[in-house]
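If you want the building blocks of each chain, they are given just below.
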Amino acid sequence: MRIGILGTGTLAAGLGAGWVRAGHELVVAGRSQAKAQELAERLGGGVRAVPPRAAVTGRDAVLLAVLWEGVEDMLRSAGAGEGLLAGTPLIDPTNAVEHGVGVLVTGPGEAMAERIARLSPGAHVVKAFHLFAAEQWTRSPGAAVTVAICGDDPAALDVVSELVRDVGGVPAVLGSLARARQLEEVAGFVIGLAFGGADPNSAIPRVPSSVISV
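- The name recorded for the protein in an unreviewed UniProt entry is NADP oxidoreductase, from Acrocarpospora macrocephala.

### Considering helix H2 (residues 33-43)
Next, step 1: Within H2 the residues assigned to the buried category are Ala36, Leu39, Ala40 and Leu43. Angular distribution of buried residues about the axis of H2 spans 100°; they occupy a single face of the element. Of the exposed residues in H2, those oriented more than 90 degrees away from the buried face are Ala34, Glu41 and Arg42.
Next, step 2: Lining the buried residues of H2 we find helix H1 (10-21), strand E2 (25-29) and strand E3 (48-49).
Next, step 3: A positive backbone phi angle near 65° is found at Gly44, which sits one or two residues after H2.

### A short note on the packing of aromatic side chains
Next, step 1: By the definition in use, this model includes 3 aromatic pairs.
Next, step 2: With 5.5 Å between their ring centres and 90° between their planes, Phe129 and Trp137 make a pair best called edge-to-face. By the burial criterion, Phe129 is buried, and Trp137 matches it.
Next, step 3: Here Trp137 falls in the buried class, since its relative accessible area comes to 4%.
Next, step 4: Within the aromatic cluster, the residues linked to one another by ring pairs are Trp19, Phe129, Phe132 and Trp137.

### Concerning the UniProt feature "domain: Pyrroline-5-carboxylate reductase catalytic N-terminal" (unreviewed entry) in the protein
Next, step 1: Within the UniProt annotation, "domain: Pyrroline-5-carboxylate reductase catalytic N-terminal" (unreviewed entry) is assigned to residues 2-95.
Next, step 2: Structurally, residues 2-95 comprises 37% helix and 21% strand, and the distance from its first C-alpha atom to its last is 25 Å.

### Describing helix H7 (residues 180-195)
Next, step 1: Along its 16 residues, H7 runs 23 Å from first to last C-alpha, staying within 8% of the 22 Å computed at 1.5 Å per residue.
Next, step 2: Three or more residues of H7 are buried, namely Ala180, Arg181, Leu183, Glu184, Ala187, Gly188 and Val190.
Next, step 3: Against strand E5 (89-92), helix H5 (112-119), strand E6 (124-127) and strand E7 (145-151) lie the buried residues of H7.
Next, step 4: Positive backbone phi, approximately 90°, marks Gly197, located one or two places after H7.

### Details of the environment of Val126
Next, step 1: Here Val126 shows up in strand E6.
Next, step 2: Spatially, the C-alpha atoms of Val126 and Asp152 are 7.6 Å apart, while their sequence positions differ by 26 residues.
Next, step 3: Setting aside residues up to four positions removed in sequence, Val126 forms contacts with Leu90, Ile91, Asp92, Ile149, Cys150, Ala156, Leu157 and Val160.

### Examining the pattern of salt bridges
Next, step 1: If you walk through the whole model with that rule in mind, you get 9 salt bridges.
Next, step 2: Of the charged contacts, one joins Asp60 and Arg2 as a salt bridge, the two residues approaching to 3.2 Å between their closest N and O atoms. Taken together, the residues span a long stretch of sequence, with Asp60 in the loop between helix H3 (52-56) and strand E4 (61-64) and Arg2 in strand E1 (residues 2-6) at a distance of 58 residues.
Next, step 3: The exposure class assigned to Asp60 is partly exposed, which follows from its relative accessible area of 26%.
Next, step 4: Taking the relative accessible area as the measure of exposure, Arg2 reaches 38% and is therefore partly exposed.
Next, step 5: Two residues, Lys127 and Glu184, come together in a salt bridge whose shortest N-O distance is 2.9 Å. You can see Lys127 sitting in strand E6 and its partner Glu184 sitting in helix H7, a full 57 residues away along the chain.

Parameters at a glance
- Residues numbered from 1 in each chain as written.
- Predicted model: local features only at pLDDT ≥ 70, side-chain atom pairs only at ≥ 80, totals over all residues.
- Heavy atoms only, no water.
- Buried < 20%, exposed > 50% of the residue type's maximum accessible area, 1.4 Å probe, protein only.
- Helix = DSSP H or I, 4+ residues; strand = E, 2+ residues; numbered from the N terminus.
- Arc of directions from axis to C-beta.
- Contact = heavy atoms within 4.5 Å.
- Phe/Tyr/Trp six-rings, centres within 6.5 Å; stacked < 30°, edge-to-face > 60°.
- UniProt positions renumbered as here; feature names shortened; annotations may be inferred.
- Expected span 1.5 Å × (residues − 1).
- Salt bridge = Lys/Arg side-chain N within 4 Å of Asp/Glu carboxyl O.

Here is the structure:
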């Protein structure tokens, strides 16, 4: 696939490296062209640094790998409000939470993914990759982790599911983008426990996948 990455941080680097290994064609863009060029060179595999608009044009998928505070500026730079992302799967891994606390800072009942969809008319937003730290995608493959995703467009969900598998994850589609708030709350819960000194793994019951509640 032809993948555009908006952002130059650890998640962009981790997922980008996995997708390069899987044989995808990548371009990266950021607020700093120098940082984008540095990441492109580090990823290798023919990855190019381009301006944000070029990173979203003619792509099979775009990853929005920026802190939630920078989402609007990045989307504006990429021409999202002008419809440049229309028809494109737009992957949202952001966590709009209060640092160290995990409380969501979006409005009551609002998901960051839904806000991104409003800022990117026509884009097929898929919530994904928001729960695990970036290091998950750079370490040696171990037991596969489940990546919960949600979105409104079936084709976009298929594209993102393939990209999840390409970095060693197992995609689990939980429904439409209306479920994004729930997924973001889960991330806030995990972040709050971790910063509070508790092991989030010990707070989640192990339920056999064969168990079906009615």
